[in-house]
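Fold and geometry: a report
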Amino acid sequence: AAASDPAYLRSEAVLSPLCPPPKLPGSAAAAAAAAVPGGSGSLRSGRPSEERSSEERDVAHEPPPLLAHLGRVRLWAVYGFLLCPEELSQPGAVELLVAVLRGMYVLPVYADYSILPHTEFEAEAKVVARWIAKKEDAKRFPGLIRESRLAAFRHAPAARASARASLCTKLS
């Protein structure tokens, strides 16, 4: 029952690809982090990377924390809306979903299995009205999904070519 409860999923960071599981007070990982000065992700400054200013990050040549995980964050955003579509009623959620779907034509699930996320969000007007509280947003939603599918379809060949060039460069 807890796995289908959006409040549980939000509060426990269960679906977060970025938040590691919490360190238990008596665990070896907690002891190792405490033994290293600034052991909680710091570099030079003795503070966690989230607390450092952008100048300190630039000096350390460290990318912003979310930039390295941007692809996974996009996937998890779509997974989250697929699992809990009622979250589309939150402010800015529809815009976030549409922005993510514009750059994604196929959603990998497991191994060779993938789904087309745009088709998963195509639903009847009554179903969309249950997901989205505002009537005007619910009316605009199907058009936004169609528009994002076209943008993703136009963007897909360039994204594939870019990923292929990157992989070829890494392999050679």
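Above this note sits the structure.
In this report, we go over the structure that sits alongside the text. (Residues numbered from 1 in each chain as written. Predicted model: local features only at pLDDT ≥ 70, side-chain atom pairs only at ≥ 80, totals over all residues. Heavy atoms only, no water.)

**Side note on the nonpolar core**
Put simply, the rule reads: Residues belong to one nonpolar core when they are buried, are Ala, Val, Leu, Ile, Met, Phe, Trp, Tyr or Cys, and are joined through side-chain atoms within 4.5 Å. Residue exposure (1.4 Å probe, protein chains only): buried if accessible area is under 20% of the type maximum, exposed if over 50%, otherwise partly exposed. A run of DSSP states H or I qualifies as a helix once it reaches four residues; a run of E qualifies as a strand once it reaches two. Both are numbered from the N-terminal end. It only takes one pair of heavy atoms within 4.5 Å for two residues to be counted as in contact.
Residues Val78, Leu88, Leu97, Phe121, Ile132 and Phe141 are the most contacted members of the largest nonpolar core, which totals 22 residues. When contributions to this core are tallied by element, the ones reaching two or more residues are helix 4 (70-83), helix 5 (93-102), helix 7 (125-131) and helix 8 (135-171). Setting aside chain neighbours within four positions, we find Phe121 in contact with Val78, Phe81, Leu82, Leu97, Leu101, Trp131, Phe141 and Ile145.

**Section: the pattern of salt bridges**
Definition in use: Basic side-chain nitrogens of Lys or Arg form a salt bridge, by our definition, when they fall within 4 Å of a carboxyl oxygen of Asp or Glu.
Inspection of every chain in the model, using the stated rule, returns four salt bridges. Measuring nitrogen to oxygen at the nearest pair gives 3.7 Å for the salt bridge that ties Arg140 to Glu95. Taken together, the residues span a long stretch of sequence, with Arg140 in helix 8 and Glu95 in helix 5 at a distance of 45 residues. If you follow the salt bridges from partner to partner, you end up with Glu95, Asp137 and Arg140 in one network.

**Considering the pairing of strand 1 (residues 107-110)**
The cut-off we apply is this: At least two DSSP bridges between two strands are needed for those strands to be called paired.
In terms of strand pairing, strand 1 meets strand 2 (residues 113-115) through three bridges, oriented antiparallel. Its bridge partner lying in strand 2, Pro108 is registered against Ser114. Where strand 1 folds back onto strand 2 in an antiparallel hairpin, the turn is made up of two residues, including Ala111, whose phi is positive at roughly 50°.

**Digging into a nonpolar patch on the surface**
Inclusion rule: Surface patches are defined over residues having more than 30% relative accessible area and no salt bridge, joining like charges when they lie within 9 Å and nonpolar side chains (Val, Leu, Ile, Met, Phe, Trp, Tyr) when within 5 Å. Where accessible areas are quoted, they stem from the Shrake-Rupley method and a 1.4 Å probe; at the residue level, only the protein chains shown are allowed to cover.
A grouping of Val109, Tyr110 and Tyr113 is seen on the molecular surface, where their side chains present a nonpolar patch of about 380 Å² in accessible area. Turning to its location among the elements, Tyr113 is positioned in strand 2. Given the relative accessible area of 53%, Tyr113 is considered exposed.

**Some remarks on the packing of aromatic side chains**
Remark: the centre distance and the inter-plane angle together describe each pair of aromatic rings, the angle taken between the planes. Threshold: Working definition: a ring pair exists when centres of Phe, Tyr or Trp rings (six-membered ring for Trp) sit within 6.5 Å. Plane angles under 30 degrees give stacked, over 60 give edge-to-face, the rest tilted.
Across all of its chains, the model carries four aromatic pairs by this definition. Considering the side-chain rings of Phe121 and Trp131, the 6.5 Å spacing of their centres and the 80° angle between planes classify their relative orientation as edge-to-face. Taken together, the residues Phe121 in the loop between helix 6 (117-120) and helix 7 and Trp131 in helix 7 connect sequence positions ten residues apart. Across this residue pair, the class does not change: Phe121 and Trp131 are buried. Geometrically, the ring pair formed by Trp131 and Phe141 is edge-to-face, given 6.5 Å between the ring centres and 90° between the ring planes. Here the residue Trp131 occupies a position in helix 7, and Phe141 occupies one in helix 8, the gap between them amounting to ten residues. Take Trp131 and Phe141: they sit in the same class, and that class is buried.

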